[in-house]
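Architecture and fold: a report
Below are the chains, spelled out letter by letter.
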Amino acid sequence: MAKIRVNKQFTFDMAHALYNHNGACRNIHGHTYTLTVTLLGEVKTNPGKSDDGMLVDFSWLKELVKTEIISVYDHALVLNGNSPHRDLKLDRSFDKVIYLDVQPTCENLLLIMVRKLKSDLPPDLTLQYVSLQETPTAKAEWCFDDNF
Ligand SMILES: [Zn+2]
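Residue numbers here run from 1 along each chain, matching the order of that chain's written sequence. Two thresholds apply to this predicted model, a pLDDT of at least 70 for residue-level local features and 80 or more for giving and counting side-chain atom pairs, whereas whole-chain, interface and lining totals are computed over all residues. Only hydrogens and water are removed before side-chain values are computed, so all heavy atoms of the structure are retained for them.

Section: the packing of aromatic side chains
- Pairing of aromatic rings covers Phe, Tyr and Trp, the last through its six-membered ring, and needs centres within 6.5 Å; plane angles under 30 degrees mean stacked, over 60 mean edge-to-face, and all others mean tilted. The full count for this structure, using the stated rule, is one aromatic pair.
- Summarising the aromatic geometry, the rings of Phe12 and Tyr33 are spaced 5.2 Å apart at their centres and angled 10° between planes, so their arrangement reads as stacked. Taken together, the residues span a long stretch of sequence, with Phe12 in strand β1 (residues 3-16) and Tyr33 in strand β2 (residues 29-42) at a distance of 21 residues. Side by side, Phe12 and Tyr33 carry an identical accessibility label, which is buried.
- Over the ring of Tyr99 we find Arg86; its NZ or CZ atom is 4.5 Å from the centre of that ring. Only DSSP runs of H or I with at least four residues qualify as helices, and only runs of E with at least two residues qualify as strands; both kinds are numbered from the N terminus onward. Exposed residues in this analysis have more than 50% of their type's maximum accessible area, buried residues have under 20%, and partly exposed residues fall in between, with area computed by a 1.4 Å probe over protein chains only. Counting as a charge over the ring demands two things of the Lys NZ or Arg CZ atom: a distance within 6 Å of the ring centre and an angle within 35 degrees of the ring normal.

Regarding the sheet that holds strand β5 (residues 126-135)
- For two strands to pair, DSSP has to find at least two bridges joining them. With mixed pairing, the six strands of this open sheet are ordered in space as β4-β3-β1-β2-β5-β6. For this open sheet the edge positions go to β4 (97-100) and β6 (138-143), each flanked by a neighbour on one side alone. Sheet twist, expressed as the average angle between the axes of neighbouring strands with direction ignored, equals 30°.
- The sheet contact formed by strand β3 (residues 76-80) and β4 spans four bridges and is parallel. Looking at β4, one finds that Leu79 is bridged to Tyr99.
- Here, residues are in contact when the closest pair of their heavy atoms is within 4.5 Å. Comment: axis = line fitted to C-alpha atoms, over the contacting stretch for helices; angle = value between 0 and 180 degrees taken between N-to-C directions. Packing of helix α2 (residues 106-120) onto the sheet brings it into contact with β1, β2, β3, β4, β5 and β6, and relative to β5 it is tilted by some 150°.

Regarding helix α1 (residues 58-73)
- The end-to-end C-alpha distance of α1, which contains 16 residues, comes to 21 Å, matching closely the 22 Å that a straight helix rising 1.5 Å per residue would cover.
- If you check which residues of α1 are buried, you get Leu61, Leu64, Val65, Ile69, Ile70 and Tyr73.
- As for α1, its buried residues are in contact with β1, β2, β3, β4 and α2.
- In the segment just after α1, His75 is the residue with positive phi, at about 60°. Here the expected span of a helix is defined as 1.5 Å times the quantity of residues minus one.

Here it is in structure tokens:
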């Protein structure tokens, strides 16, 4: 059976600040991120079933990403929890302040999202590629083939 890839894009708005960064990104600012999730697998042959002819039901993927990623990060402020930013106690004033154990760069956010997605996929689907676009000209990419 031939394997194919399907992908779906998602967008969310998020603010962050990079502690100690030697540039403008040390200030709190926001981006509209585009997350692209690509899955690899075989097309199901289930005549009469809802998923007949599909690798995966796009609505299932949409719900997974929405629940595990978008609802967490959309309109959140994400900061490095191992920095003095935690002392600002912004979570007392805002509902969605997330402190990561790492710098909240596009690259680290991508790796966190990849780990989450990998843990939630059924065994017949392979997470093949994930990209997180931070600006119209900058994105981070994770590819299964680079991570054997
Ligand atoms: Zn930024």
